[in-house]
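# Geometric and topological summary
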Amino acid sequence: MNPGDIAGEMARLLHDSTKTTFTSAVLRIHNTGGGFSLQAETDTGRYLSPDMTALSELFRPLPPSIYEVRLSHTGEYTFLATPDVGTMSPAWLVFDDGFRYPEHPLPGLPLPVRSRPTGAPTDPAVLARITALATEFAGLYEKIKGHAPDWEPGRTEAELAEAEERIGARLPEDLRALFRVTGWDNESGLLGRYAHDPLPLLVERYLDGVPGSYGWEDPVTEEGVVFETQPAGRVKRLSRNDWWITFGSDHAGDFLAVDLDPAEDGESGQILEYGRNVWGPIRYVAASITGMMEEVVRALKAGEYDNDEPDSPYLIAEAAFHDESARGHDQVLTETTDLGGVADPELVQELYLNDPGSVDLAILNPLSSLRHLRVNRADSVVADLSGFPALEAASIETAKVDLTGIAGHPALWGLSLAGVKHPIDFGPLLGLPGLIRLGLAGLDVPELERVGELASLRVLTLDDGQVRRLLDAGVTLPSLAAIEITGGASLAEIVRLRRRLRPDGPAPEVIEASGTLAAP
């Protein structure tokens, strides 16, 4: 389909959605190639709902890009499309695809020496222990269910060695032993509510895309603070790790990974969980496969299991490793700063402080492990952050703010301000040695041009007028990895700003068209 046809169809669908009188309207489509999101509204801010089925049919065969059509009440329309703008409303321009926030490593983490492939057979003592546990489980299963579990045959040493050669790491001895006993336990409950994957699927998952597991908020558009897994000190505080190898799941959206690269107090071979029900830090499950199997056998012997469906193949032990600690890494406080109801305040790593009125943040100092703070709709804030040595990012929405207490903070790398009704004092910002991300969109910043003095700055959020102001003043910010531009500027204006921000870079790819809708 040529650009003119795309433009005309977008304009028609936009016009059909207006229903009533309008002066102008805009339809933006962010087509990712696997789906799309849209924004459609009139000049008065009235949201529109174009025909989603028709839009899906239009964009399904089209390449990933941002598409925008602007329509006048006269029927005249302009169209622009570009793949060189990340998103719109707000717009993200990404200049360095390899940029990552702290604790967000790119692939290439070194493999501990102990986990290098050797081709040696599985440790006989470990194999004997896992075989004994599997045999004991099978006996208990048969006693409860009336028949033996239906397991796939075990894998050979040669098959294990070949898989390890492909992924570039030796699996823990007890996971190797489990594969020797059975290639797949058919979700019988050998690992509680989880089951290990068939060996080919383990390899396929590891080699698909970025090696390793997880990937917590890695994109530059995310907030990116990585939280500590409890118990602290066992799991490295990273968004992802090449050597977290997914090997199983609960077949309901949560996955198990074996950790070959633990923190100082952890053990190689410890088991971690991530997925749809694990929000925040990756979850520590158990010290090993062996420990999981021992706990399953213990629970079955004690009569602690779920057999509500006797005819199903599932026998789920009430194993202790299923028990998840209360979600304590984050807390929400609304219209109060009283921490009396917060259990274990020293473990809180993220706080949403809503409608607190006027507040001095020093009152929250008992939250000594706080890493991410978000203050919403405050009247005034004294931003004394000295009592939060681990704090990495703060977002403060307030009418009045005193930033004196942020200067010199050793760990703060992200700061976003919003709603402030008075001029922003830029001096304290210059006192943040590790400031990587800064948001000042929509604010009065008399010394905005001094943003060029922030040596560590890589990600900036400004409105389109502020960006033009910096460019007009000759502040080009060549070290930026990305910039977020708010303010509702047109896609054409965002493209112009991109060209000005990177005049020596490749010109953005742009497709344009225009036309007039035929009278109904």
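Computed from a predicted model, the values in this text were never measured in an experiment.

What follows covers the overall build of the chain. Helices and strands together make up the secondary structure of the chain, namely 10 helices and 24 strands. Seen through its C-alpha atoms, the chain measures out along the principal axes to roughly 80 × 60 × 45 Å. With 520 residues in all, the chain has 49% of them scored as buried. Considering only contacts within the chain whose residues lie at least 6 apart along the sequence, 53% involve residues at least 24 apart.

Moving on, we come to empty space enclosed by the protein. Counted by the stated rule, this structure contains three cavities of 30 Å³ or more. Within this model, the largest cavity holds a volume of roughly 60 Å³. As for the largest cavity, its lining consists of 13 residues, of which Val226, Phe227, Leu238, Pro281 and Ile282 are closest to the centre. It is strand E12 (residues 278-286) that contributes the most residues to the lining of the largest cavity, three residues altogether.

It is worth spelling out the layout of surface pockets at this point. Computed from the structure, the second largest pocket encloses a volume of approximately 380 Å³. Secondary-structure elements contributing two or more residues to the lining of the second largest pocket are strand E18 (372-382), strand E19 (393-402), strand E20 (414-418) and strand E21 (437-439). Among the residues making up the lining of the second largest pocket, the classes are represented as 11 nonpolar, eight polar and five charged.

A word on the sheet that holds strand E6 (residues 195-196). Ordered in space as E6-E9-E10-E11-E12, the five strands form an open sheet in which the pairing is antiparallel. This sheet does not close on itself; its edge strands, each paired only once, are E6 and E12. For strand E9 (residues 244-249) and strand E10 (residues 254-259), the ladder comprises five bridges, and the chain directions are antiparallel. Bridge pairing in E10 links threonine 246 to alanine 257.

Moving on to the pattern of salt bridges. Side-chain pairing between opposite charges can occur once the charged atoms of the two side chains come close. Evaluated as defined, the whole model comprises 32 salt bridges. Arginine 176 is paired through a salt bridge with glutamate 157; the nearest N and O atoms lie 2.9 Å apart. Of this pair, arginine 176 sits in helix H5 (residues 173-181) while glutamate 157 sits in helix H4 (residues 157-167), and the two are 19 residues apart along the sequence. Classification of arginine 176 as buried rests on a relative accessible area of 0%. Note that arginine 496 and glutamate 493 form a salt bridge whose closest N and O atoms lie 2.9 Å from each other. Separated by three residues within a single helix, arginine 496 and glutamate 493 lie in helix H10 (residues 491-501), roughly one turn from each other. Take glutamate 493: its relative accessible area is 13%, and that puts it in the buried class. When salt bridges that share partners are traced, they join Glu103, Glu228, Arg237, Arg371 and Glu392 into one network.

We now examine the nonpolar core. If you look at the biggest cluster of nonpolar residues, it comprises 63 residues, and the most contacted ones within it are Leu361, Val381, Leu415, Leu438, Leu440, Val451 and Leu460. At five residues, the largest contribution of residues to this core is made by H10. With residues up to four places along the chain from it excluded, the contact list for leucine 440 reads Leu417, Phe426, Leu429, Val445, Leu448, Thr461, Leu462 and Gln466. Residues Leu199, Val203, Phe247 and Val258 belong to the second largest nonpolar core, which totals 43 residues.

Right, let's talk about unusual backbone geometry for a bit. Residue proline 231 follows glutamine 230 across a cis peptide bond; omega there is -5 degrees. Take proline 231: it is sitting in the loop between strand E7 (213-214) and strand E8 (240-241). A positive phi angle is found at leucine 477, which is not glycine, with a value near 50 degrees. On the secondary structure map, leucine 477 appears in the loop between helix H9 (464-472) and strand E23 (482-486). Look at leucine 477 and you get buried, because its relative accessible area is 11%.

This paragraph deals with a negative patch on the surface. Residues Asp306, Asp308, Glu309, Asp311 and Glu318 make up a contiguous surface patch of negative charge. Within the element layout of this structure, glutamate 318 appears in the loop between strand E14 (316-317) and strand E15 (330-334).

With 22 residues, helix H3 (residues 124-145) extends 31 Å between its outermost C-alpha atoms, agreeing within 8% with the 32 Å of an ideal straight helix rising 1.5 Å per residue. For H3, the complete set of buried residues consists of Ile130, Leu133, Ala134, Phe137, Ala138, Leu140, Tyr141 and Lys145. Buried residues belonging to H3 abut H5 and helix H7 (289-301). A side-chain oxygen of the first residue of H3 lies 2.9 Å from the backbone nitrogen of alanine 125; this N-cap is aspartate 123. Following H3 by one or two positions, glycine 146 has its phi on the positive side, about 90 degrees.

Definitions and cut-offs
- Starting afresh in each chain, residues are numbered from 1 along the sequence in its written order.
- Local features in a predicted model are, by the rule used here, given only for residues with pLDDT of at least 70; side-chain atom pairs are given and counted only at 80 or more, and totals for whole chains, interfaces and linings are based on all residues.
- Side-chain calculation: all heavy atoms of the structure are included, whereas hydrogens and water are not.
- The way it works is that DSSP assigns letters per residue, a run of H or I at least four long becomes a helix, a run of E at least two long becomes a strand, and they are numbered from the N terminus.
- Exposure classes here rest on a 1.4 Å probe applied to the protein chains alone. A residue is buried below 20% of its type maximum, exposed above 50%, and partly exposed in between.
- Note on contacts: a residue pair is in contact if any heavy atoms of the two residues lie within 4.5 Å.
- Any residue with an atom within 4 Å of a point lines the site, the site being either a cavity, points on a 1 Å grid over the protein atoms alone where a 1.4 Å probe fits but cannot get out, or a pocket, an open set with protein on both sides within 12 Å along at least 5 of 7 lines.
- Grid points are joined across faces, edges and corners, and a volume is the space filled by probe spheres set on the points.
- In this classification, Asp, Glu, Lys and Arg are treated as charged, Ala, Val, Leu, Ile, Met, Phe, Trp, Tyr, Cys and Pro as nonpolar, and every other residue, Gly included, as polar.
- Here, any two strands with at least 2 DSSP bridges between them count as paired.
- The term salt bridge refers to a side-chain nitrogen of Lys or Arg lying within 4 Å of a carboxyl oxygen of Asp or Glu.
- Definition used in this section: a nonpolar core is a set of buried Ala, Val, Leu, Ile, Met, Phe, Trp, Tyr and Cys residues joined via side-chain atoms within 4.5 Å.
- For patch building, the residue pool is restricted to those with more than 30% relative accessible area and no salt bridge; the joining distance is 9 Å between like charges and 5 Å between nonpolar side chains (Val, Leu, Ile, Met, Phe, Trp, Tyr).
- Note on areas: Shrake-Rupley with a 1.4 Å probe; residue coverage comes only from the protein chains shown.
- Only four residue types enter the charge count: Lys and Arg as positive, Asp and Glu as negative, with His and the chain ends excluded.
- Lys charges are placed at NZ, Arg charges at CZ, Asp charges at CG and Glu charges at CD.
- What a helix should span is 1.5 Å times the count of its residues minus one.
- Between N or O atoms, a polar contact is any pair within 3.5 Å; within protein, one atom must be a potential hydrogen donor and the other a potential acceptor, and residues adjacent in sequence are included only when both atoms are from side chains.

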